[in-house]
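Residue-level listing of the chains:
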Amino acid sequence: YGTIGVIGAMKEEIELFHEGMKGVTQTVKAGITFYEGTFHDRSIVLCKSGVGKVNAAVTTQILIDTFGVEAVLFTGVAGAVDPGLDVGDIVVSTECLQHDMDVTALGFPRGTIPYEATSLFAADEKLRKLAAEVSAELFGARVKEGRVLSGDQFISSRETVSQLYTELSGACTEMEGAAVAQACSMNGIPFVIIRSMSDKADGSAHVNFAEFTQQASENSFRIIDGMLQRL
Ligand code: ADE
């Protein structure tokens with residue numbers, strides 16, 4: 001790959017990269033700051049997309065068009081959906097789905113984008129294998145490869161989270177991954193989403209999120225850090 005785009009949604013998710021970058025130049029576009037420079041001697045463009053699918057999609061398209069990135073890595077935190085996942089555990093995306101896409105009134109299954117060839121956006125095989133390898137070395141059995149569900153909703157109810165698990169087979173839920181995934185797919189750019197669990201998307205999610213986002217962000221950073229040393 002040439003230049004690699006690294007996206008996080010929030011400050012906590014990108015600041016460790018920022019500290020490790022060299023020769024940084026800064027550009028603002030669409031209100032988003034893009035940091036070009038090197039990380040472990042690799043050319044990267046780091047940015048904080050902001051929260052939600054629109055921010056994530058716009059950021060991804062700019063990374064591709066303006067900065068010519070040839071791969072996109074997303075780092076951050078998520079709510080665990082798979083009951084086998086605990087706070088701090090890792091999900092490496094196999095594919096992404098927008099759980100809030102709902103055209104069921106017209107007969108489309110939940111999560112289906114009408115008239116598109118697919119609504120499941122597959123992560124790049126090579127990137128996800130590397131992510132899984134690095135994750136396993138760092139976190140052992142606390143890693144799952146699975147489906148990342150995204151929606152413009154912070155999930156904080158046990159009923160909702162169990163629905164996301166049984167109906168949509170999610171491993172975790174967050175608010176950007178599937179938008180990055182769709183934008184990358186539309187442009188033929190490989191991607192993978194790495195998420196560390198900050199909460200379990202249940203009634204305690206808001207408290208856990210506040211308490212564990214820092215640690216979970218660091219977990220996710222360490223994986224992409226390891227990946228960039230091998231890419
Ligand atoms: N990101 C971290 N936790 C989340 C949750 N419970 N719902 C949506 N996005 C999240």
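Residues numbered from 1 in each chain as written. Predicted model: local features only at pLDDT ≥ 70, side-chain atom pairs only at ≥ 80, totals over all residues.

Topic: the overall build of the chain
Rules: Per the convention used, a helix needs a DSSP run of H or I reaching at least four residues, while a strand needs a run of E reaching at least two, with both numbered from the N terminus. Restricting the calculation to C-alpha atoms gives the radius of gyration, and the globule rule supplies 2.2 Å times the number of residues raised to the power 0.38. Any residue surrounded by 20 or more other C-beta atoms within 10 Å of its C-beta is treated as buried, while 12 or fewer makes it exposed and the intermediate range makes it partly exposed; C-beta atoms here are placed from the backbone. Contact between two residues is assigned when their C-beta atoms, built from the backbone, lie within 7 Å.
Helix and strand counts for the chain come out as 6 helices and 10 strands. What you see for the chain is a C-alpha radius of gyration of 16 Å, in line with the 17 Å of a compact globule of 231 residues. Seen along its three principal axes, the alpha-carbon backbone of the chain occupies a region of about 50 × 40 × 30 Å. In the chain, buried positions account for 46% of the 231 residues. Counting only contacts in the chain whose residues sit at least 6 apart along the sequence, the fraction spanning at least 24 positions is 76%.

With respect to the confidence of the model for the chain
As a note on interpretation, predicted positions should not be read in detail where pLDDT is low. Note the threshold: Per-residue confidence from the prediction method is given by pLDDT, with values spanning 0 to 100.
In the predicted model, the chain carries a mean pLDDT of 98, and 100% of its residues have values of at least 70. As a predicted assembly, this complex carries a pTM of 0.98 together with an ipTM value of 0.99.

Description of the site of the ligand
What counts, and what does not: Throughout this description, a residue near a molecule or strand is one whose C-beta atom, derived from the backbone, lies within 6 Å of it. Residues are sorted three ways: Asp, Glu, Lys and Arg are charged, Ala, Val, Leu, Ile, Met, Phe, Trp, Tyr, Cys and Pro are nonpolar, and all the rest, Gly among them, are polar.
The full set close to the ligand counts 14 residues, and Gly79, Phe154, Ile155, Glu174 and Ala201 are the nearest of them. Counting only elements with at least two residues in the shell around the ligand, the list comes to strand 5 (71–80), strand 9 (172–174), strand 10 (191–199) and helix 6 (205–230). With 3 residues, the top contributor of residues to the shell around the ligand is strand 5. Class assignment of the residues belonging to the shell around the ligand gives a composition of 8 nonpolar, 4 polar and 2 charged.

What about the UniProt feature "domain: Nucleoside phosphorylase" (unreviewed entry) in the chain?
Selection criterion: UniProt positions are given in the numbering used here, feature names are shortened, and annotations may be inferred rather than shown by experiment.
The sites that carry the UniProt feature "domain: Nucleoside phosphorylase" (unreviewed entry) are, in the present numbering, residues 3–228. Segment residues 3–228 splits into 37% helix and 31% strand. End C-alpha atoms: 11 Å apart.

Notes on the pairing of strand 2 (residues 22–29)
Worth spelling out the cut-off: Two strands are said to pair when DSSP picks up at least two bridges between them.
Of all the 8 residues making up strand 2, 0 are buried; the element is thus mostly uncovered. The antiparallel pairing of strand 2 with strand 3 (residues 32–39) creates a hairpin that spans 2 residues between the two strands, and Ala30 there sits at a positive phi of about 55°.

Observations regarding the packing of helix 3 (residues 125–139) against helix 6
Filter applied, for reference: Here an axis means a line fitted to C-alpha atoms, over the contact stretch when the element is a helix, while the angle between two N-to-C directions is reported on a 0 to 180 degree scale. Roughly parallel refers to an angle under 35 degrees, roughly antiparallel to one over 145, roughly perpendicular to one between 65 and 115, and oblique to any angle outside these ranges. Note on convention: the crossing is left-handed when the near helix lies turned anticlockwise from the far helix by less than a right angle, right-handed when the turn is clockwise.
Direction vectors running N to C along helix 3 and helix 6 enclose 120°, while the axes themselves pass 9 Å from each other. Taken as axis vectors, helix 3 and helix 6 run oblique relative to one another. For the element pair helix 3 and helix 6, the recorded crossing hand is right-handed. In this structure, helix 3 contributes Leu130, Ala131, Val134, Ser135 and Leu138 to the contact, and helix 6 contributes Arg222, Ile223, Gly226, Met227 and Arg230. Class assignment for the residues of the contact of helix 3 with helix 6 results in 6 nonpolar, 2 polar and 2 charged.

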